[in-house]
Amino acid sequence: MALIYVEQVEEMSVEQMQETHENEIKILNQIEKLAFGVDRKTVELSELEKKLDEYIDHVQKHFANEERLMHEYDFPSYDMHKTAHDMFLLDLESAVRQWKKFGDIKKIINFVYKTPEWIVLHVNSVDAPTADYLARKMETEGSKGEAVT
Ligand SMILES: [Fe+2]
Ligand SMILES: [Fe+2]
């Protein structure tokens, strides 16, 4: 069992967005595995912590790259899409704060366990139409810049 499967999210018409989503899903499933290992004392806590930091960094780059693309191609619903990202980041930051400041790793782990629902909904209802728009624009205007992940 994985936390989330690639098949649950719609295939993006922009390759770099698809790649980012697949990588993020991979990281989420790795976190679940590591957390399980830490519980059974077969995995070092530091390994899980490193993966959580990788996840946080990945989410930030994921959102920033989509926002860059939307901005560069004048996506009309930029504000709506950016607000959805910002709201998610607020929740993430609060979980990270609980973890880093008060040592409560459960807070960030629980956050990670709850994210698949948000991700599937966001990717399928917000990212997918955004990617369709971007793909059309890229075809007429050409590709601008490369993705980070
Ligand atoms: Fe996305
Ligand atoms: Fe998005």
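Now for a description of the structure that goes with this document. Source: prediction; values computed, not measured. (Residues numbered from 1 in each chain as written. Chains lettered and ligands numbered in written order. Predicted model: local features only at pLDDT ≥ 70, side-chain atom pairs only at ≥ 80, totals over all residues. Heavy atoms only, no water.)

**Some details on the coordination of the iron ion (ligand 1)**
Piece 1. Distances from the iron ion (ligand 1) to its protein donors, His21 (NE2), His62 (NE2), Glu66 (OE) and Asp127 (OD), fall at 1.8 to 2.2 Å.
Piece 2. Around the iron ion (ligand 1), the four donor atoms sit at angles spanning 86 to 155°, and that spread fits a shape best called irregular.
Piece 3. In the primary sequence, the donor residues of the iron ion (ligand 1) line up as H-x40-H-x3-E-x60-D.
Piece 4. Between the iron ion (ligand 1) and the iron ion (ligand 2), a spacing of 3.6 Å is present, and a bridge between the two is formed by glutamate 66. In this pair, histidine 62 and glutamate 66 both sit in helix 2 (residues 45-72), four residues apart, roughly one turn of the helix. Note on accessibility: histidine 62 and glutamate 66 belong to one class, buried. (Donors = N, O, S within 2.8 Å, 3.2 Å for Na, K, Ca; no water. Tetrahedral: all angles 85-135°; square planar, octahedral: opposite > 155°, others 65-115°. Helix = DSSP H or I, 4+ residues; strand = E, 2+ residues; numbered from the N terminus. Buried < 20%, exposed > 50% of the residue type's maximum accessible area, 1.4 Å probe, protein only.)

**Notes on the coordination of the iron ion (ligand 2)**
Piece 1. Coordination sphere of the iron ion (ligand 2), protein contribution only: Glu66 (OE), His81 (NE2), His85 (NE2), His122 (NE2) and Asp127 (OD), at 2.1 to 2.2 Å.
Piece 2. By relative accessible area, histidine 81 is classed as buried at 0%.
Piece 3. Looking at histidine 122, the relative accessible area reads 5%, which means it is buried.

**A word on the pattern of salt bridges**
Piece 1. Applying the stated criterion across every chain yields a total of seven salt bridges.
Piece 2. The shortest N-O distance in the salt bridge between lysine 61 and aspartate 57 comes to 3.0 Å. Taken together, the residues span about one helical turn, with lysine 61 and aspartate 57 both in helix 2 at a distance of four residues.
Piece 3. Residue lysine 61 is classed as partly exposed on the basis of its relative accessible area, which comes to 38%. (Salt bridge = Lys/Arg side-chain N within 4 Å of Asp/Glu carboxyl O.)

Geometric descriptors of this kind do not, in isolation, establish any biological role.
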